[in-house]
Amino acid sequence: MSRPHQSSGFTLVELVATIILVGILAVTVMPRFSDRGGVVEYTLRDQLAGLLHQAQQRAMFDRSGPCYSVLINGAGVQVQRDSVLNSPESQILFAGDYAGLSVTAAQLYFDSLGNLLMGGTNCSTSSIPSSPVTLSVSGSAAAQVIVHPTGYVERTF
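Draft legend 1. Spotlight on a nonpolar patch on the surface. Taken together, the side chains of L12, V16, I20, L21 and I24 make up a nonpolar region of the molecular surface, amounting to roughly 500 Å² of accessible area. In this fold, I24 is placed in helix α1 (residues 12-34). With a relative accessible area of 48%, I24 lands in the partly exposed category.

Draft legend 2. Local environment of the confidence of the model for the protein chain. Averaged over every residue, the pLDDT of the protein chain is 89; residues scoring 70 or more account for 91%. Mean pLDDT in the protein chain bottoms out at α1, which sits at 84, and peaks at strand β7 (residues 116-117), which reaches 96.

Draft legend 3. Spatial organisation of the sheet that holds strand β10 (residues 153-156). An order of β5-β8-β9-β10 is seen for the four strands of this open sheet, with the pairing classed as antiparallel. On the outer flanks of this sheet lie β5 (102-103) and β10, each paired with one strand and no other. Two elements, β5 and strand β8 (residues 133-138), share two bridges in a ladder whose sense is antiparallel. Residue S102 lies in a different strand from β8, and its bridge partner there is S138.

Draft legend 4. Highlighting the environment of L116. Here L116 shows up in strand β7. Linking L116 and H148, residues 32 residues apart in sequence, is a C-alpha distance of 7.1 Å. Contact partners of L116, with chain neighbours within four places excluded, come to L108, Y109, F110, S127, I128, P129, V133, V147, H148, P149 and G151.

Draft legend 5. Focus on the side chain of S69. Along the chain, S69 falls in strand β1 (residues 68-73). On the basis of relative accessible area, S69 is assigned to the buried category, the value being 2%. In this structure, S69 is in contact with A55, Q78, V79, Q80, Q107, L108 and Y109, ignoring residues within four places of it in sequence.

Draft legend 6. Looking closely at the environment of L44. Structurally, L44 can be placed in helix α2 (residues 39-61). A relative accessible area of 0% places L44 in the buried class. As for L44 and Y98, which are separated by 54 residues in sequence, their C-alpha atoms are 7.6 Å apart. Setting aside residues up to four positions removed in sequence, L44 forms contacts with I92, F94, Y98, L101, V103 and V137.

Draft legend 7. Local environment of the pairing of strand β2 (residues 76-81). The pairing of β1 with β2 spans six bridges and is classified as antiparallel. Within the sheet, the bridge partner assigned to Y68 lies in β2 and is R81. Taken together, β1 and the strand that follows it, β2, pair antiparallel across an intervening segment of two residues. The sheet contact formed by β2 and strand β4 (residues 91-93) spans three bridges and is antiparallel. From the neighbouring strand, V77 faces β4, where its bridge partner is I92. Relative to strand β3 (residues 84-85), β2 runs antiparallel, the two sharing two bridges. Following the sheet pairing, Q80 is matched in β3 by L85.

About the cut-offs
- Residues numbered from 1 in each chain as written.
- Predicted model: local features only at pLDDT ≥ 70, side-chain atom pairs only at ≥ 80, totals over all residues.
- Heavy atoms only, no water.
- Patch = residues over 30% accessible without salt bridge, like charges linked within 9 Å, V, L, I, M, F, W, Y side chains within 5 Å.
- Areas by Shrake-Rupley, 256 points an atom, 1.4 Å probe, with all protein chains shown as cover.
- Salt bridge = Lys/Arg side-chain N within 4 Å of Asp/Glu carboxyl O.
- Helix = DSSP H or I, 4+ residues; strand = E, 2+ residues; numbered from the N terminus.
- Buried < 20%, exposed > 50% of the residue type's maximum accessible area, 1.4 Å probe, protein only.
- pLDDT = per-residue confidence, 0-100.
- Pairing = 2+ DSSP bridges.
- Contact = heavy atoms within 4.5 Å.

If you want it as structure tokens, here you go:
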């Protein structure tokens with residue numbers, strides 16, 4: 001007795017349906033892998049918070065009397081000691097991965113107790129602000145660093 005012929009492959013309809021599904025998935029999923037999706041903004045926010053901590057700690061532990069500050073302008077962010085860049089590692093430039101990003105411009109000082117000082121041209125002419133200072137990181141996503149008058153640095157989304 002002869003057996004009917006059994007197919008062991010895929011039909012043309014099954015192959016076309018599979019190719020269409022893979023195409024739809026590629027179109028919807030690939031942009032998520034190629035877009036920065038706020039990662040760069042959050043990285044800049046964290047590095048900014050790190051520089052604020054660095055300036056605050058240096059002001060607290062350097063008893064020789066220098067003024068430590070964080071200068072934020074259109075070119076980048078830098079920790080300064082007596083208005084001079086502290087070290088090349090103490091800065092973030094808005095270039096490369098950070099091109100197109102910006103942070104709220106400000107000049108922040110820290111006293112020997114770690115308190116935030118603002119409003120003057122150096123540590124002795126600045127005073128403790130009455131409310132927290134919000135530094136906004138802007139790009140395709142938004143992130144913030146809030147510096148409280150006591151020197152506490154808060155990272156928000």
